[in-house]
Amino acid sequence: MFGKKKIKSTDIKVLPRHVAIIMDGNGRWATRRAMPRTAGHKVGSENFVKTVDACDRLGIECLTVYAFSTENWQRDAEEVEGILKIMHAYIIKYVPELMKKNIRLRILGDLSYFDEKSRAALIESQHKLENNTGLTLCIALSYGGRNEIKQAVEALIKEGVTEIDEQAISDRLYTAHLPDPDLVIRTGGEKRISNFLLWQSAYAEYYFSDTLWPDFDESKLLEAIEEFGRRKRRFGK
Ligand code: IPE
Ligand code: IPE
Ligand code: MG
């Protein structure tokens, strides 16, 4: 009763253009309840759906979520399959709803890891939503920041570009033409970046929360955004 006052969306004065979230803590959330890790990923994906909705209502321009890293391929085959099934089902199932909400979808990641059928389905979902003009939802799937930069450099070499400036690299990342993230949130208590948006987050504000991802609800998201509004960004000046 005497806790902190809950922040409402009307309290938000400064809105970040691009919010990026490392959705961490699903496994621990499940383990604490003596449930299989995959159950945590399922509840985590439900929270992801709510977060997309909240960002859409707030009027955020771009939301990127880290769903699966290139390093996550090293987990147990059963867990990998569970996570990918959930994300895949989400993407296919929500296309009509995303369409209704005018949401654009981009998958950021190395799709060469997926079989032909899954890859085609992901590309088709993106394609259906590409002319939408509302929130841009980016799902980082099979994503690794170093791998992304390496691929950009390979593309430059292949194109025979010899004069390389920063823009030339930015234009060849999965995030080409998107604004850089202003606010990067990591849930689950770890204070590290785990290979997420390395190039793009050069001047992002970081927000670390101990809350495990399935419990990171809209009021916690609003707290992060409200704190972002109180930060002084200097960009080295
Ligand atoms: C984040 O939750 C989701 C993915 C990495 C796919 P984790 O599965 O890493 O959960 P913890 O960190 O083990 O609790
Ligand atoms: C980062 O979480 C990746 C995602 C949330 C998708 P991890 O749980 O894989 O990161 P580490 O292993 O703790 O660094
Ligand atoms: Mg984790």
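Residues numbered from 1 in each chain as written. Chains lettered and ligands numbered in written order. Predicted model: local features only at pLDDT ≥ 70, side-chain atom pairs only at ≥ 80, totals over all residues. Heavy atoms only, no water.

Asker: An account of the site of ligand 1 is needed here, citing residue identities and associated values.
Answerer: Neighbouring ligand 1 are 13 residues, the closest being Asp24, Gly27, Arg28, Arg37 and Arg75. At 3.3 Å from an oxygen atom of ligand 1 is found a main-chain nitrogen or oxygen belonging to Gly25. The contact in question runs from an oxygen atom of ligand 1 to an N or O atom on the side chain of Arg28, over 2.7 Å. Considering ligand 1 on its own, with 370 Å² of exposed area, one finds that the protein chains cover 87% of that surface. Because more than half of its atoms lie within 2 Å of the grid, ligand 1 is assigned to the largest pocket. Elements represented by at least two residues in the shell around ligand 1 include exactly α1 (26-32), α2 (37-58) and α3 (77-100). It is α1 that provides the largest number of residues to the shell around ligand 1, a total of three residues. Of the residues assigned to the shell around ligand 1, the class counts are three nonpolar, five polar and five charged. (Near = heavy atom within 4 Å. Polar contact = N/O pair within 3.5 Å; in protein donor to acceptor, adjacent residues only side chain to side chain. Areas by Shrake-Rupley, 256 points an atom, 1.4 Å probe, with all protein chains shown as cover. 1 Å grid on protein atoms, 1.4 Å probe; cavity = no way out; pocket = protein on both sides within 12 Å on 5 of 7 lines; lining within 4 Å. Sits in = over half its atoms within 2 Å of the grid points. Helix = DSSP H or I, 4+ residues; strand = E, 2+ residues; numbered from the N terminus. Nonpolar A, V, L, I, M, F, W, Y, C, P; charged D, E, K, R; others polar.)

Asker: Break down the pattern of salt bridges for me, citing the residues and quoting the values.
Answerer: All chains considered together, the criterion is met by 22 salt bridges. Its salt-bridge partner being Glu218, residue Arg57 comes within 2.9 Å of it at the nearest N-O pair. Here the residue Arg57 occupies a position in helix α2, and Glu218 occupies one in helix α7 (residues 218-230), the gap between them amounting to 161 residues. According to the relative accessible area criterion, Arg57 is exposed, its value standing at 51%. What makes Glu218 partly exposed here is its relative accessible area of 31%. Taking the shortest distance from any N to any O, the salt bridge between Lys150 and Glu154 comes out at 3.6 Å. Placement of the pair is Lys150 and Glu154 together in helix α5 (residues 145-159), with a separation of four residues, close to one helical turn. Using a relative accessible area of 44% as the deciding quantity, one classes Lys150 as partly exposed. (Salt bridge = Lys/Arg side-chain N within 4 Å of Asp/Glu carboxyl O. Buried < 20%, exposed > 50% of the residue type's maximum accessible area, 1.4 Å probe, protein only.)

Asker: Let's hear about the state of the cysteines: which residues, and what values?
Answerer: Scanning the entire structure with this criterion turns up zero disulfides. Not part of a disulfide, Cys62 finds its nearest cysteine sulfur in Cys138, a span of 4.1 Å. Residue class for Cys138 comes out buried when judged on its relative accessible area of 0%. (Disulfide = S-S within 2.5 Å.)

Asker: Got a sec to walk through the layout of surface pockets? Specific residues and values, please.
Answerer: As a volume, the largest pocket reaches approximately 550 Å³. Considering the residues around the largest pocket, the lining is formed by 26 residues, among which Met23, Asp24, Ala67, Asn72 and Arg75 are closest to the centre. Taken together, the elements giving at least two residues each to the lining of the largest pocket come down to α1, α2, β2 (62-69) and α3. The biggest single contributor to the lining of the largest pocket is α2, with five residues. (Points joined across faces, edges and corners; volume = space filled by probe spheres on them.)

Asker: Describe the site of ligand 2, and please don't skip the residues or the numbers.
Answerer: Taken together, Ile22, Met23, Asp24, Tyr66, Ala67, Phe68, Asn72, Arg75, Arg186, Arg192 and Ser194 form the complete shell of residues around ligand 2. Residue Asp24 places a side-chain N or O atom 3.2 Å away from an oxygen atom belonging to ligand 2. For ligand 2, an oxygen atom lies 2.9 Å from a polar atom in the side chain of Asn72. In the complex, 78% of the free accessible area of ligand 2, which totals 390 Å², lies under the protein chains. A majority-of-atoms criterion places ligand 2 in the largest pocket. Looking at the shell around ligand 2, its residues break down into five nonpolar, two polar and four charged.

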